[in-house]
Amino acid sequence: MSPSGIVHARTFDELVESERAFDDAVRGSADLDGFCSGHAFSVAAFAGLLPGRESRVYEVDGAGWLAFARRHASLFGDPEPRELWEPYEAMWGLGCPIVGSDVELLGLALAEVLHREAPTATVLCCGLRAGAMRTAAVAAALSPTHRLLQGTTTVRQVASLEGGEDGFLARRSSRFRANLRRALRDADARGLVHERHVPDEAGVRSLYARAVSVDDRSWKGLANEGLRGTGLHDFYADMLPRLARHGTLRMHFLVEHTALGPVDVGYLFGGLAPGNPLAPGSTFRGLQFAFAEGHEQQSLGNIAQYRAVESLCAEGVQRYDLGTQVDYKRSWGELTDETLSIIATPRGTRGPRP
């Protein structure tokens, strides 16, 4: 089938206005990370990360969307900048730029668009799964004109919440449970208060300001590695209201009551991906958390994580995606979720070494 006539170029502003259609396509993509390929995450990534890129978005009738960002970069040791098409979110490689259920047609549409508009561009496709039809369709469509190489694999740590709070705890080690009980008892003795918020769009600004204030006082913020220092502040400032508009944002605070009044000492926030087809029920994607410096012996990070798990279990959420795998997350999540990337370079141009 030829995609000619059913591929429509859209501006970034048009994509922003097509939230429902885009997310419908994502929900129909059983092999994708429903949160990180979704509209809120993708739009905020394009607007708030890697500035200076150009949007290259196409709606494919009856199939889905292609959502790429275009820039010029030095690639594969070549000092001369070359054209690169990459996902809206290319910093971590979590989301996929090809969303929709008709993967064969989407692959053909991508090949046609590249042939017409970017015949010498290198293309990066992330968020793909080994053995998935989408991955095979992209490879089949591009291999006649491009050399393909598998790029970085991204691994996320995931906690199953099956069986609720009791089930979650039963899958943790005895040492983990003992340390957590001790930390919770100490927190109760100090009068530490947990706040859970499901804000609407109007309430996000003040809650995000509270989170940023804690982040600024954390070791990350003081080392210039927090939300402000890493350039993530605007990314979340854009994304969180989009999540809140649909009731999918969850924000948690740990509040210490002092002689001068209540003081926020910890925060955690993330978003729900309702109906994620990768597992029964829904998935919560953790985004950021931190606690104020000076509280290192009080296990505030663990307390914030557990209070989030506790409330998610009460909601019936089935999975907690803790994000890109790092050592400390292994004690919280017993599952992993892997996606890969494909690098496609036009034949006749210099490409990466296999």
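Undergrad: What is the right way to look at the overall build of the chain in this model?
TA: A tally of regular secondary structure across the chain gives 11 helices and 14 strands. Principal-axis analysis of the C-alpha atoms places the extent of the chain at approximately 70 × 40 × 40 Å. Here the chain holds 354 residues, and the buried ones make up 53% of them. Entry remark: accessible area of the chain is about 15600 Å², with carbon and sulfur atoms responsible for 51%.

Undergrad: Could you clarify how one ought to interpret the side chain of Asp264 in this entry?
TA: Position of Asp264 relative to the elements: it lies in strand β11 (residues 261–273). Here the side chain of Asp264 touches Arg210 through a polar contact of 2.8 Å, side chain to side chain. Discounting chain neighbours no more than four positions away, the residues touching Asp264 are Arg210, Val214, Arg217, Phe253, Leu254 and Val255.

Undergrad: Where do I start with helix α11 (residues 300–315) in this structure?
TA: The α-helix advances 3.6 residues per turn, and as a result positions three or four apart in sequence lie on the same side. Between its first and last C-alpha, α11 extends 23 Å over 16 residues, near the 22 Å set by a 1.5 Å rise per residue. The buried fraction of α11 amounts to 12 of the 16 residues, a majority that puts the element mostly inside the structure. For α11, the complete set of buried residues consists of Leu300, Gly301, Ile303, Ala304, Gln305, Tyr306, Arg307, Ala308, Val309, Ser311, Leu312 and Cys313. Positive phi appears at Gly316, one or two residues downstream of α11, with a value of about 90 degrees.

Undergrad: Explain empty space enclosed by the protein here, please?
TA: Unfilled space is identified by rolling a water-sized probe across the atoms. Taken as a whole and judged by the stated rule, the model has two cavities of 30 Å³ or more. Of the volumes computed, that of the largest cavity is approximately 90 Å³. Ser42, Ala67, Tyr88, Cys96 and Pro97 are the residues nearest the centre of the largest cavity, which is lined by 13 residues in total. Class assignment for the residues of the lining of the largest cavity results in nine nonpolar, three polar and one charged.

Undergrad: Explain the pattern of salt bridges to me, please; I cannot follow it from the model alone.
TA: Opposite charge on two side chains makes pairing possible when the charged atoms of those side chains draw close. One pass over the full model with this rule turns up 26 salt bridges. For Glu19, the salt bridge goes to Arg245, with nearest N and O atoms at 3.4 Å. Here Arg245 lies in helix α10 (residues 233–245) and Glu19 lies in helix α2 (residues 19–27), a separation of 226 residues in the sequence. Here Glu19 falls in the buried class, since its relative accessible area comes to 13%. Arg245 is the salt-bridge partner of Glu201, the closest N and O atoms lying 3.2 Å from each other. Pair noted here: Glu201 is in the loop between β9 (193–197) and α8 (204–216) and Arg245 is in helix α10, with a separation of 44 residues, a long-range link. Taking relative accessible area as the criterion, Glu201 reaches 39% and is therefore assigned partly exposed. On the basis of relative accessibility, which here comes to 38%, the residue Arg245 falls in the partly exposed class. Ionic contacts of the salt-bridge type, sharing partners, join the residues Glu54, Arg56, Arg70 and Glu83 into one network.

Undergrad: Is there a simple way to think about the packing of helix α4 (residues 103–117) against helix α5 (residues 133–142) in this case?
TA: Relative orientation and spacing of two packed helices are given, respectively, by the angle between their axes and the distance between those axes. The N-to-C vectors of α4 and α5 enclose an angle of 30 degrees; their axes lie 8 Å apart at closest approach. The way α4 lies across α5 gives a crossing that is right-handed. Contact residues: Val103, Glu104, Leu106, Gly107, Leu108, Leu110, Ala111 and Leu114 in α4; Met133, Arg134, Ala137, Ala141 and Leu142 in α5. Looking at the contact of α4 with α5 residue by residue, the classes come out as 10 nonpolar, one polar and two charged.

Undergrad: Looking at this model, I keep getting lost on the pairing of strand β4 (residues 82–87). Mind explaining?
TA: When a strand is regular, its side chains alternate between the sheet's two faces. Most of β4 sits out of view: six of its six residues are buried. With two bridges connecting them, β4 and strand β6 (residues 122–128) associate as parallel partners. Its bridge partner being in β6, Leu84 is matched across the sheet by Thr122.

Undergrad: Before we go on, may I ask you to explain the side chain of Lys329 in this structure?
TA: Of note, Lys329 is situated in the loop between β13 (319–324) and β14 (335–346). Within the local environment of Lys329, its side chain forms a polar contact with the backbone oxygen of Thr324, the two atoms lying 2.9 Å apart. Sequence-distant contacts of Lys329, that is, excluding residues within four places in its chain, are made with Gln157, Leu322, Gly323 and Thr324.

What counts, and at which threshold
- Residues numbered from 1 in each chain as written.
- Predicted model: local features only at pLDDT ≥ 70, side-chain atom pairs only at ≥ 80, totals over all residues.
- Heavy atoms only, no water.
- Helix = DSSP H or I, 4+ residues; strand = E, 2+ residues; numbered from the N terminus.
- Buried < 20%, exposed > 50% of the residue type's maximum accessible area, 1.4 Å probe, protein only.
- Areas by Shrake-Rupley, 256 points an atom, 1.4 Å probe, with all protein chains shown as cover.
- Polar contact = N/O pair within 3.5 Å; in protein donor to acceptor, adjacent residues only side chain to side chain.
- Contact = heavy atoms within 4.5 Å.
- Expected span 1.5 Å × (residues − 1).
- 1 Å grid on protein atoms, 1.4 Å probe; cavity = no way out; pocket = protein on both sides within 12 Å on 5 of 7 lines; lining within 4 Å.
- Points joined across faces, edges and corners; volume = space filled by probe spheres on them.
- Nonpolar A, V, L, I, M, F, W, Y, C, P; charged D, E, K, R; others polar.
- Salt bridge = Lys/Arg side-chain N within 4 Å of Asp/Glu carboxyl O.
- Axes fitted to C-alpha atoms, helices over the stretch in contact; angles between N-to-C directions.
- Left-handed = near helix turned anticlockwise from the far one by under 90°.
- Pairing = 2+ DSSP bridges.

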